[in-house]
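Each chain, letter by letter, is given below.
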Amino acid sequence: MNIRLARIDDLSGMQAANLINLPENYVMKFWMYHLLTWPQISFVAENGEGKIVGYVLAKIDDETTDANSAEVHGHVNSISVLRSYRRLGLARRLMMLSQEAMLTVYNASYVSLHVRKSNKAAIGLYKDTLGFSVADIEKKYYGDGEDALSMKLYLKR
Ligand code: ACO
């Protein structure tokens, strides 16, 4: 298994994995915008045949917290791993590479994400393995009315 930075020619494989794994899907322009704008923080896992079996797609936000300072933080838009490649540590490794790059390349102070409150596997990954905590519950965040947990992890050098 090879884990590396995502490239433009990976986008169709990333989008295919997203369509199989999640109801939150995006047009190609959205995927491309992320890789072109923040090329250092999205990663893929590819198998021996070069097939994309997992990805993390992330962005950087500049959030003005007071008149003089902007708190830069990373945001994970989407992560997934194909079913037959799960519980091998791929998502943990993808997340850790993205977090590390958010910190070293952009000096991001924290990373945020949204997750369905019923998504036990992903919540286990974020909370137990990576150390995220719940910052907020966003009611009816998803198209089908499900609530989202808004989660955060402060990044340390
Ligand atoms: N049940 C409980 N805990 C789990 C599960 C599960 N099914 N899967 C992973 N975890 C937790 C465990 O703590 C695990 O550590 P352990 O194996 O030592 O017990 C830890 O996460 C790390 O697991 P990984 O092997 O790194 O995770 P994996 O590569 O299997 O991917 C993922 C996890 C991405 C959630 C996968 O199940 C998946 O693709 N699900 C469908 C898509 C999805 O829900 N994506 C997240 C949506 S939210 C967002 O994108 C911001």
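On a predicted model such as this, the values are computed, not experimentally measured, just so you know. (Residues numbered from 1 in each chain as written. Predicted model: local features only at pLDDT ≥ 70, side-chain atom pairs only at ≥ 80, totals over all residues. Heavy atoms only, no water.)

Enquirer: Would you take a moment to explain the side chain of His 73 for this structure?
Expert: With respect to the element layout, His 73 can be found in strand S4 (residues 70–81). A relative accessible area of 4% means that His 73 is categorised as buried. Side-chain polar atoms of His 73 contact the side chain of Tyr 110, separated by 3.2 Å. (Helix = DSSP H or I, 4+ residues; strand = E, 2+ residues; numbered from the N terminus. Buried < 20%, exposed > 50% of the residue type's maximum accessible area, 1.4 Å probe, protein only. Polar contact = N/O pair within 3.5 Å; in protein donor to acceptor, adjacent residues only side chain to side chain.)

Enquirer: What's the story with the pattern of salt bridges in this structure? I'm lost.
Expert: Proximity of charged atoms lets side chains of opposite charge pair with each other. This structure, assessed with the given rule, holds 9 salt bridges. The closest approach of N and O atoms between Asp 10 and Arg 4, which form a salt bridge, is 2.8 Å. The residue Lys 59 makes a salt bridge to Asp 61 at a minimum N-O spacing of 3.8 Å. By relative accessible area, which is 22% here, Lys 59 ends up partly exposed. Each of the salt bridges in this network shares a partner with another, and the network as a whole consists of Glu 24, Arg 116, Asp 144 and Glu 146. (Salt bridge = Lys/Arg side-chain N within 4 Å of Asp/Glu carboxyl O.)

Enquirer: Can you walk me through the side chain of Ser 150 in this structure?
Expert: Tracing the backbone shows Ser 150 in strand S7 (residues 148–154). When sequence neighbours within four positions are dropped, the list of residues in contact with Ser 150 reads Leu 113, His 114, Ser 133, Val 134, Ala 135, Asp 136 and Glu 138. (Contact = heavy atoms within 4.5 Å.)

Enquirer: I'm lost on the site of the ligand in this one. Help?
Expert: Around the ligand, 24 residues are found, and the nearest of them are Ile 79, Val 81, Arg 87, Gly 89 and Asn 119. Within the backbone of Arg 87, one N or O atom sits 2.8 Å away from an oxygen atom of the ligand. Calculation on the ligand without its partners gives an accessible area of 990 Å², and the protein chains cover 76% of this total. In a pocket analysis with a 2 Å cut-off to the grid points, the ligand is assigned to the largest pocket. Of all the elements in the fold, those that place two or more residues in the shell around the ligand are S4, helix H3 (90–106), strand S5 (110–116) and helix H4 (120–129). Here the shell around the ligand is built from residues that sort into 12 nonpolar, 9 polar and 3 charged. (Near = heavy atom within 4 Å. Areas by Shrake-Rupley, 256 points an atom, 1.4 Å probe, with all protein chains shown as cover. 1 Å grid on protein atoms, 1.4 Å probe; cavity = no way out; pocket = protein on both sides within 12 Å on 5 of 7 lines; lining within 4 Å. Sits in = over half its atoms within 2 Å of the grid points. Nonpolar A, V, L, I, M, F, W, Y, C, P; charged D, E, K, R; others polar.)

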